[in-house]
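Descriptive structure summary
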Amino acid sequence: NKGGFPANGSDDEYSFYAEKTYPIPDDRRKYFQHLVAGINPSIGYHLISMLAENGLFKSVWTTNFDGLMLKCAHQYDLNPIEVTAETSDRIYRGDADGEVLCIALHGDYKYGALKNTTSELDSQNDVFIRAISHELANRDLLVIGYSGRDKSLMNALASAYQITGSGKLFWCGYGNNVPVPVMDLIQSVNDSGRSAYYVPTDGFDKTIYCLTRHCMSEESDFLRRIDTLKK
């Protein structure tokens, strides 16, 4: 009613209110740090870690800065390699059994500035952009729990899929309401000769659970571990 604020549901809501509420970057960092303090990873993170143990996941790229994937991976027979803007050179490590890359695209409150505001979200680390293109050339990407509002990241993905390769994109959204940026990306990927699909889902944990049971359907010991985890 006062005017000067973004419309309800606009792409700028998050960044606008983050900066409006906490104009000082360090205050924003502390606020988000407080939100995730003491939070434990849900079953989806555990299942990704278990699949990574079996080589089905090689990297996790996240726009979150809660550190939950890294925290969970430490509980398994894995060596999680944490990659932030300050340690971006680690992203070019060669594949190794028992390792999983955990890339924080929007920063990490433990080491550096978070990306919250419009100006901060408007650019991606050049190393990350080049690495995304390299990673997606011949590996499939599963996107889940992400709105596609960060234009710089969506542009980086669109550019990556212009390069010839066999890696496919599976965008797992919540329900059948596909955001326009996601529709545009999927169309762009398919137009380039690569393959991209929108998959309606019921959320992160349920999707990862169903995917895990499908991929490991012949592994009885693994399925028993899942049942134990659910309890």
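Residues numbered from 1 in each chain as written. Predicted model: local features only at pLDDT ≥ 70, side-chain atom pairs only at ≥ 80, totals over all residues. Heavy atoms only, no water.

**Things to note about the pattern of salt bridges**
Evaluated as defined, the whole model comprises seven salt bridges. Between Lys 30 and Asp 26 there is a salt bridge, and its shortest N-O distance comes to 3.4 Å. With Lys 30 and Asp 26 both in helix H2 (residues 25-36) and four residues apart, the pair spans about one turn of that helix. A salt bridge links Arg 213 to Asp 227; its shortest N-O distance comes to 3.7 Å. Linking Arg 213 in helix H9 (residues 204-215) with Asp 227 in helix H10 (residues 220-230), this pair joins segments that are 14 residues apart in sequence. Arg 213 sits in the partly exposed class, given a relative accessible area of 30%. (Salt bridge = Lys/Arg side-chain N within 4 Å of Asp/Glu carboxyl O. Helix = DSSP H or I, 4+ residues; strand = E, 2+ residues; numbered from the N terminus. Buried < 20%, exposed > 50% of the residue type's maximum accessible area, 1.4 Å probe, protein only.)

**Remarks on the confidence of the model for the chain**
On average, residues of the chain score 84 in pLDDT, and 90% of them are at 70 or above. Predicted confidence is poor over residues 120-124, with pLDDT under 50, and the contacts of this stretch with residues over four places away or in other chains come to 20 contacts. (pLDDT = per-residue confidence, 0-100. Contact = heavy atoms within 4.5 Å.)

**A look at the environment of Leu 136**
Mapped onto the secondary structure, Leu 136 falls in helix H6 (residues 126-136). Apart from the residues within four sequence positions on either side, Leu 136 is in contact with Leu 141, Leu 157, Ala 160, Tyr 161, Gly 167 and Arg 194.

**Comments concerning the environment of Pro 200**
Looking at where Pro 200 falls in the secondary structure, it is placed in strand S6 (residues 196-201). Sequence-wise, Pro 200 and Asn 176 are 24 residues apart; in three dimensions their C-alpha atoms are separated by 5.4 Å.

**Observations regarding H9**
The end-to-end C-alpha distance of H9, which contains twelve residues, comes to 16 Å, matching closely the 16 Å that a straight helix rising 1.5 Å per residue would cover. Among all positions of H9, only Thr 207, Ile 208 and Thr 212 are buried. End-on view of H9: buried residues confined to an arc of 130 degrees, all on one side of the axis. (Expected span 1.5 Å × (residues − 1). Arc of directions from axis to C-beta.)

**What about the packing of aromatic side chains?**
The geometry of an aromatic ring pair is captured by the separation of the ring centres together with the interplanar angle, meaning the angle of the planes. All told, the structure shown has seven aromatic pairs when counted by the stated rule. Their ring planes at 20 degrees and their centres at 5.5 Å tell us that Phe 170 and Tyr 197 sit as a pair that is stacked. Of the two residues, Phe 170 is situated in strand S5 (residues 169-174) and Tyr 197 in strand S6; the sequence distance between them amounts to 27 residues. On the basis of relative accessible area, Phe 170 is assigned to the partly exposed category, the value being 26%. These aromatic residues form a ring-pair network of at least three members: Phe 5, Phe 16 and Tyr 17. Directly above the ring of Phe 222 sits Arg 225, whose terminal nitrogen or CZ lies 5.8 Å from the centroid. (Phe/Tyr/Trp six-rings, centres within 6.5 Å; stacked < 30°, edge-to-face > 60°. Lys NZ or Arg CZ within 6 Å of the ring centre and 35° of its normal.)

**Quick look at the side chain of Arg 28**
Structurally, Arg 28 can be placed in helix H2. By relative accessible area, which is 3% here, Arg 28 ends up buried. At 3.4 Å, the side chain of Arg 28 forms a polar contact with the backbone oxygen of Pro 23. (Polar contact = N/O pair within 3.5 Å; in protein donor to acceptor, adjacent residues only side chain to side chain.)

**Here we look at the sheet that holds S5**
Pairing in this open sheet of three strands is parallel, and the strands run S4-S5-S6 from one edge to the other. If you trace the sheet from one side to the other, it starts and ends with strand S4 (141-144) and S6, each paired once. Within the sheet, the average angular offset between the axes of one strand and its neighbour, ignoring direction, is 20 degrees. Note: S4 against S5, four bridges, orientation parallel. Bridge pairing in S5 places Leu 142 opposite Phe 170. Strand contacts of helix H8 (residues 180-191): S5 and S6, with the helix running at about 145 degrees to S6, the strand carrying the most contacts. With respect to the sheet, H9 is in contact with S4, S5 and S6, its orientation differing from that of S4 by roughly 150 degrees. (Pairing = 2+ DSSP bridges. Axes fitted to C-alpha atoms, helices over the stretch in contact; angles between N-to-C directions.)

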